[in-house]
Amino acid sequence: MRITNLEKTIGKFHMEVNDFYIEPGKIHGIVGPNGCGKTVFLKMLAGIITPDKGILDYEGLSSRDITMMSQQPYLMHTSVYENLIYPLKIRGTRPDEDEIDEMLNRVGLREQKNQYARSLSSGERQKLSFLRAVIFKPKLIMVDETLSNLDSESEEMFVGIISEIQKERPITWLIVNHQMDHIYQLCDEIHYMEKGRFVKK
Amino acid sequence: MLEWLKSVVSDAGIISAVKVTFIMAVSSTAISSVLGILFGLLLERFSFPGKKIIVRINRTLMGVPPVVAGLVVYLLIMRRGPLGPLSLLFTIKGMVIAQVLIITPIISGMIYSYARKSAPSIRAFAVTMGATRWQTAKLIIRELRKEIYFCMVTGFGRSISEVGAVMLVGGNIKGRTRTMTTTISLLKSQGIFTEGVALGILLLVMAFILQWICDLLQKEGEEDENY
């Protein structure tokens with residue numbers, strides 16, 4: 001997807017992205033200090049924030065093909081299972097129970113399947129949010145710091161799952177973080193952001 | 001004690017008062033809930049010039065003295081009033097209108113506050129999931145269900161405990177528009193305290209049951225709950 005002449009001002013913060021191309025099927029990392037606008041950028045691509053100006057060319061992707069994992073994922077007031085299948089439900093897709101059990105098992109949430117989602121620990125919430133984002137097979141997944149603040153074991157697990165997805169059916173990933181870490185070994189491209197702009201490094 | 005309570009509650013006038021109270025409270029809560037929930041949610045959803053003033057007026061109306069609301073409705077529906085030909089004065093319908101005027105702002109104001117707190121994050125989540133507008137609206141209502149119940153119970157509580165407006169508009173007519181609270185008020189003025197106290201106890205029991213329902217709703221979905 002291509003972003004041209006994007007501008008957004010929120011209070012004192014100003015963002016300007018003149019020309020930014022996201023190559024499909026690749027894993028893109030965005031790194032930058034806190035408050036540089038990474039989250040705002042993702043939220044604009046996800047359609048949560050409307051830009052003041054600019055063109056977002058999704059190259060044929062619809063809002064149903066795009067998802068974003070927030071830093072603090074929203075969990076519905078219901079069970080882990082119901083949270084997980086929500087994107088399938090609104091698409092009228094019947095969930096594949098075996099696949100769901102396998103996914104939950106893989107991230108260690110099988111036992112918590114019928115538990116109230118909001119009783120999960122923050123690490124478990126991230127895992128659930130991750131599964132919920134990949135379950136409906138979107139074509140663009142944006143990850144806002146979801147994979148930071150995880151223990152190294154979980155981090156490795158996510159790296160493993162992401163690489164598997166990429167092998168099977170390459171999709172586009174935009175992964176944001178404020179520090180370089182394991183996730184970046186995955187990235188095909190890394191972009192640096194500073195004070196609301198992309199910079200070369 | 002129980003015998004005495006029994007003899008009081010089996011009195012025809014009292015039974016009728018309990019019935020009138022319930023019909024009135026259920027109808028006014030139902031109408032106010034539909035209006036208040038819809039208005040509160042729409043107020044949160046849309047920005048428009050003058051919204052702040054509307055929110056402020058809503059908050060003011062949340063604390064309107066029931067007698068004032070009763071007086072306004074009385075003036076509207078009295079025989080020479082603009083709605084006089086509908087003959088609503090001294091009927092349960094008239095009482096319900098007055099109560100809707102009192103309860104709707106309470107429900108809409110509460111819903112607005114709750115929605116302002118949580119609807120933006122629910123909406124953002126719905127966008128990331130690719131939900132349609134309609135699915136998003138449904139999700140917001142479902143996620144706020146506990147708060148919605150709570151507002152309805154609050155509205156119901158307001159309704160059964162209200163005296164001033166129903167007295168003015170309903171006229172406290174025995175067997176027709178006399179409610180539990182207006183009965184107590186009348187009994188007191190006649191110096192009949194025992195029956196008044198019994199009715200008071202009955203109202204307290206109802207209040208307790210309501211409180212209990214609220215409590216259950218608050219507890220729903222706490223930490224260790226299994227679904």
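What comes next is a walk through the structure. Please read all numbers here as calculations on a predicted model, not as lab measurements.

Reading the values: the criteria
- Residues numbered from 1 in each chain as written.
- Chains lettered and ligands numbered in written order.
- Predicted model: local features only at pLDDT ≥ 70, side-chain atom pairs only at ≥ 80, totals over all residues.
- Heavy atoms only, no water.
- Pairing = 2+ DSSP bridges.
- Helix = DSSP H or I, 4+ residues; strand = E, 2+ residues; numbered from the N terminus.
- Axes fitted to C-alpha atoms, helices over the stretch in contact; angles between N-to-C directions.
- Contact = heavy atoms within 4.5 Å.
- Buried area = accessible area lost by both parts, 1.4 Å probe.
- Salt bridge = Lys/Arg side-chain N within 4 Å of Asp/Glu carboxyl O.
- Polar contact = N/O pair within 3.5 Å; in protein donor to acceptor, adjacent residues only side chain to side chain.
- Nonpolar A, V, L, I, M, F, W, Y, C, P; charged D, E, K, R; others polar.
- Phe/Tyr/Trp six-rings, centres within 6.5 Å; stacked < 30°, edge-to-face > 60°.
- Buried < 20%, exposed > 50% of the residue type's maximum accessible area, 1.4 Å probe, protein only.
- Lys NZ or Arg CZ within 6 Å of the ring centre and 35° of its normal.

## Thoughts on the sheet that holds strand 5 (residues 66-69) of chain A
Strands in a sheet are paired, the pairing made by backbone hydrogen bonds, and the direction either parallel or antiparallel. All names here are of chain A. Ordered by their spatial adjacency, 6 strands build an open sheet running 5-6-7-3-8-9, and the pairing between neighbours is mixed. Of all the strands in the sheet, just strand 5 and strand 9 (197-199) have a single pairing partner and so form its edges. Taking each pair of neighbouring strands and ignoring which way they run, the sheet shows an average axis angle of 25°. Where strand 5 lies against strand 6 (residues 140-144), 4 bridges are found, and the strand directions are parallel. Across the sheet, the residue bridging to Thr 67 is Ile 141, located in strand 6. Against the sheet, helix 4 (residues 122-134) engages strand 5, strand 6 and strand 7 (172-177), with an angle of about 175° to strand 5.

## Brief notes about the interface of chain A and chain B
Each partner contributes residues to the interface: chain A has 25 residues there, and chain B has 21 residues. Between chain A and chain B lies a buried interface of about 2,000 Å² when both sides are counted; carbon and sulfur atoms form 55% of it. Linking chain A with chain B are 0 salt bridges, by the criterion used here. Our enumeration of links across chain A and chain B arrives at 8 residue pairs in polar contact (both at pLDDT 80 or more). Looking at side-chain class alone, the side of chain A that touches chain B contains 12 nonpolar, 9 polar and 4 charged residues.

## Notes on the packing of aromatic side chains
Residue and element names in this part refer to chain A. This structure, assessed with the given rule, holds 8 aromatic pairs over all chains. With centroids separated by 4.1 Å and ring planes inclined at 10°, the aromatic side chains of Phe 20 and Phe 198 adopt a geometry described as stacked. Of this pair, Phe 20 sits in strand 2 (residues 13-21) while Phe 198 sits in strand 9; the two residues are 178 residues apart in sequence, bridging distant segments of the chain. The exposure class assigned to Phe 20 is buried, which follows from its relative accessible area of 6%. Here Phe 130 and Trp 173 contribute two aromatic rings whose centre-to-centre distance is 6.3 Å and whose plane-to-plane angle is 20°, an arrangement assigned as stacked. One end of the pair, Phe 130, is in helix 4; the other, Trp 173, is in strand 7, with 43 residues separating them in the sequence. Aromatic rings pair up to connect Phe 20, Phe 41 and Phe 198 into one cluster. Looking at Arg 118, its charged tip hangs above the ring of Tyr 74, at a distance of 5.1 Å from the centre.

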